[in-house]
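# Coordinates in review
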Amino acid sequence: MKTPTVDDFANLILSGNITALSKAITLAESKKIEHQMMAQQLIHQLLSYTGESKRIAITGVPGAGKSTFIESFGMFLIEKGHKVAVLAVDPSSTLSKGSILGDKTRMEDLSRSSKAYIRPSATGGSLGGITARTSEALLLCEAAGFDIILVETVGVGQSEILVDSITDFFLFIQVSGTGDELQGIKRGIMEMADVIFLNKIDLYNEKIVTDTRMNLNRSLQFLPSKPSGWKRKILKGSAYTNKGISEVWDKILEYYEITRENGYLDQKRWEQKNMRIDDYLEELILLKLKNKSTIQSQINGLKRDLRENKISPFEIAKKLIDENFPNL
Ligand SMILES: Nc1nc2c(ncn2[C@@H]2O[C@H](COP(=O)(O)OP(=O)(O)OP(=O)(O)O)[C@@H](O)[C@H]2O)c(=O)[nH]1
Ligand SMILES: [Mg+2]
């Protein structure tokens, strides 16, 4: 069989072919430069078919119910006629070797549906790398006709900043409970949240849920208002029983209406695109440097001085840049 050209590939993706989509994402994630370049050619071909989806971040501490929520929410959206892609981002996955996110056992119906596509965690050496890879996967999913992209990440630190830089809307899943649990939520995450979904209300009595909501509301009052003009909302429900799922969707639709109207959505996406330039600059410079055949011998030549504290690691890096890119 002849090797598919970029054109063949692009046409398959545009026709919604999932095998081609998966292959394209794998190419984009590959460490091999020729694979990455092919993925970039593809993305170039497909760019005019991207940008139409709703890009939604779903985060929360481990066990909050993100995957269960995505299963219920995803099926709800499919019933409404949407096509849903789920991407998982886990910056720690290079350490833990594999990810618990994008866990298909929690998304059984969704993973069986022809209207859904689930892609477990992207791996990548650097944070910038993971962001770039996930945004490439996102664009490819859009070209394949997915109009809702859910990006799942675990809310424990830097990962949600990363995810915020590729999505439009930020949903934070929180378990109902006592005030103690709330103190565990980082202020930064609360600031980013557009909707906080108090999950698992089937497990708690109404008073606990109401108290949690009140406490959360109080904390929200101390946060600066969002540049989108959107006021953070707290909703409650259960990913198990589907309670509250449609309310989340209503809020998301409201959010898009407001931010399309006031220009924030365009502005945010524009800023995100500009941030990607920085990601790629870092990556390409590093790649160019590492591909130079003389680089290793240059470094080796300086190692003795490094060991003897005659030169610092910074000075070595600077020297390499200055010598290899004299015009920079
Ligand atoms: N009772 C109840 N249990 C829930 C609900 N949502 C999720 N769970 C349970 O909570 C546990 C964790 O759910 P997951 O969906 O895997 O949570 P997660 O946030 O994706 O977890 P990680 O991917 O490990 O970060 C599972 O045992 C779910 O069955 C809910 O609304 N009610
Ligand atoms: Mg999960």
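Here is a short report on the structure shown in this document.

What counts as what
- Residues numbered from 1 in each chain as written.
- Chains lettered and ligands numbered in written order.
- Predicted model: local features only at pLDDT ≥ 70, side-chain atom pairs only at ≥ 80, totals over all residues.
- Heavy atoms only, no water.
- Donors = N, O, S within 2.8 Å, 3.2 Å for Na, K, Ca; no water.
- Helix = DSSP H or I, 4+ residues; strand = E, 2+ residues; numbered from the N terminus.
- Buried < 20%, exposed > 50% of the residue type's maximum accessible area, 1.4 Å probe, protein only.
- Near = heavy atom within 4 Å.
- Polar contact = N/O pair within 3.5 Å; in protein donor to acceptor, adjacent residues only side chain to side chain.
- Areas by Shrake-Rupley, 256 points an atom, 1.4 Å probe, with all protein chains shown as cover.
- Nonpolar A, V, L, I, M, F, W, Y, C, P; charged D, E, K, R; others polar.
- Expected span 1.5 Å × (residues − 1).
- Phe/Tyr/Trp six-rings, centres within 6.5 Å; stacked < 30°, edge-to-face > 60°.
- Lys NZ or Arg CZ within 6 Å of the ring centre and 35° of its normal.

### Topic: the coordination of the magnesium ion (ligand 2)
Looking at the magnesium ion (ligand 2), one finds its protein donor set to be Ser-67 (OG) and Glu-152 (OE), positioned 2.1 to 2.6 Å from the metal centre. In this pair, Ser-67 is assigned in helix α4 (residues 66-79) and Glu-152 in strand β4 (residues 148-154), connecting sequence segments 85 residues apart. Judged on exposure class, the residue Ser-67 and its partner Glu-152 are both buried.

### Some thoughts on the site of ligand 1
Ligand 1 sits among 19 residues. The nearest are Lys-66, Ser-67, Thr-68, Arg-106 and Asp-202. Between an oxygen atom of ligand 1 and a main-chain N or O atom of Gly-65, the distance comes to 2.9 Å. If ligand 1 stood free it would expose 640 Å²; the protein chains cover 83% of that surface. Among the elements that line the shell around ligand 1, the one with the most residues is α4, at 3 residues. Within the shell around ligand 1, the residues separate by chemical class into 8 nonpolar, 6 polar and 5 charged.

### Observations regarding helix α2 (residues 18-29)
Under the 1.5 Å per step criterion, the end-to-end length of α2 is 16 Å for 12 residues, consistent within 8% with the ideal 16 Å. For α2, the side-chain oxygen to backbone nitrogen distance between the N-cap and Thr-19 is 3.0 Å, and the N-cap itself is Asn-17.

### Concerning the packing of aromatic side chains
What characterises a pair of aromatic rings is the spacing of the ring centres plus the angle enclosed by the ring planes. A full pass over the atoms with the stated rule returns 8 aromatic pairs. Ring geometry for Phe-73 against Phe-76: centres 6.4 Å apart, planes inclined by 10°, an arrangement best described as stacked. Of the two residues, Phe-73 and Phe-76 are both situated in helix α4; the distance of 3 residues between them amounts to about one turn of the helix. The exposure class of Phe-73 is buried, given its relative accessible area of 0%. Here the aromatic cluster, defined as three or more aromatic residues joined through ring pairs, consists of Phe-69, Phe-73, Phe-76, Phe-197 and Trp-249. Above the plane of the ring of Tyr-256 lies Lys-54, whose end atom (NZ or CZ) is 5.1 Å from the centre. Lying across the ring of Phe-146, Lys-83 places its NZ or CZ 4.6 Å from the centre.

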